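Observations on chain architecture
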Amino acid sequence: MSRRSKPRSAPDFVAPTPERNGHGRVERVRGQIADERGNPARPFRAVDTLEIMMRRGSISAAMRQAGDDFRRDFRCSGFDQLRAALLDRLKGGSERLIELRPDATRRVRRALIALGGATSPAGSCAWHVLGLEENLKEWAVRQGWSGRAINEKMASGILIAALGVLAIEYGRA
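As a starting point, this report considers the structure included with it. Bear in mind the structure is a predicted one, so any value in this text is a computation, not a measurement.

1. A look at the packing of helix H3 (residues 61-77) against helix H7 (residues 152-169)
Relative orientation of the contacting elements H3 and H7 amounts to 85°, with a least axis distance of 8 Å. When the axes of H3 and H7 are compared, the pair comes out roughly perpendicular. Across from Ala62, Met63, Ala66, Gly67 and Phe70 in H3, the residues of H7 making contact are Ile160, Leu163, Gly164, Leu166 and Ala167. Its residues assigned to classes, the contact of H3 with H7 comprises eight nonpolar, two polar and no charged.

Next up, the structure:
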């Protein structure tokens, strides 16, 4: 007697491509999400370094929020390498950005000073990992310090220390 298997049905979603998965962890979101037009979209989101650390219990919610605050200010200051569409197409968009940019730039500079400067281990980690959203492991391998490579655990410790300082600097602690 042969056993019949159930016919496979198509999944209700399209999984991320292998190329996308090569750029970091992606997870399926519970529930349905909408794209910019309100249409159903792929229910996936990238999981960033701070989210992973938060789930592991390596950082507190205040540290996570401070990292997100730094990232927001970094982007608003124009330090990131991403370029967006012209905001003058959006009603009131460019005026709001002009208002925020000097304050955000001041906050980033103040945060980097509190971290020991942009070339210090914590400052460099904040700049590259939080601001530019580079992978922590790649930053550690590329960075090195005093002629020695930084291993992944040391890099994680540097980031945790930087987030602790940022939590104080951003008034989250």
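2. Some words on the nonpolar core
If you look at the biggest cluster of nonpolar residues, it comprises 28 residues, and the most contacted ones within it are Phe70, Leu130, Trp139, Leu159, Leu163 and Leu166. Sorting the residues of this core by element identifies helix H2 (49-56), H3, helix H4 (93-114), helix H5 (121-131), helix H6 (136-143) and H7 as the ones contributing at least two each. Considering every element that reaches this core, the biggest residue donor is H7, with seven residues. In contact with Trp139, other than residues within four places in its own chain, are Pro121, Ser124, Cys125, His128, Val129, Glu134, Ile150, Ala155 and Ile158.

3. Focus on H5
Counting buried positions along H5 gives nine out of 11 residues, so the element sits mostly inside the fold. Of all the positions in H5, only Ala122, Gly123, Ser124, Cys125, Ala126, His128, Val129, Leu130 and Gly131 are classed as buried. Looking one or two places after H5, you find Glu133, whose phi comes out positive at around 55°.

4. Things to note about the side chain of Ser124
Within the secondary structure, Ser124 is located in helix H5. Discounting chain neighbours no more than four positions away, the residues touching Ser124 are Gly117, Ala118, Trp139, Gln143 and Trp145.

5. Things to note about the packing of aromatic side chains
What the rule picks out here adds up to four aromatic pairs. Where Phe74 meets Phe79, the ring centres are 5.6 Å apart and the plane angle is 50°; that geometry is what we call tilted. For Phe74, a relative accessible area of 0% puts it in the buried group. Assessed through its relative accessible area of 24%, Phe79 is described here as partly exposed. Centroid distance Phe74 to Trp127: 4.6 Å. Interplanar angle 85°. Geometry classified as edge-to-face. On the criterion of sequence distance, the pair formed by Phe74 in helix H3 and Trp127 in helix H5 is long-range, its members being 53 residues apart. With a relative accessible area of 23%, Trp127 lands in the partly exposed category. These aromatic residues form a ring-pair network of at least three members: Phe70, Phe74, Phe79 and Trp127.

Quick notes on the rules
Residues numbered from 1 in each chain as written. Predicted model: local features only at pLDDT ≥ 70, side-chain atom pairs only at ≥ 80, totals over all residues. Heavy atoms only, no water. Axes fitted to C-alpha atoms, helices over the stretch in contact; angles between N-to-C directions. Helix = DSSP H or I, 4+ residues; strand = E, 2+ residues; numbered from the N terminus. Parallel < 35°, antiparallel > 145°, perpendicular 65-115°, else oblique. Contact = heavy atoms within 4.5 Å. Nonpolar A, V, L, I, M, F, W, Y, C, P; charged D, E, K, R; others polar. Core = buried A, V, L, I, M, F, W, Y, C linked by side-chain atoms within 4.5 Å. Buried < 20%, exposed > 50% of the residue type's maximum accessible area, 1.4 Å probe, protein only. Phe/Tyr/Trp six-rings, centres within 6.5 Å; stacked < 30°, edge-to-face > 60°.

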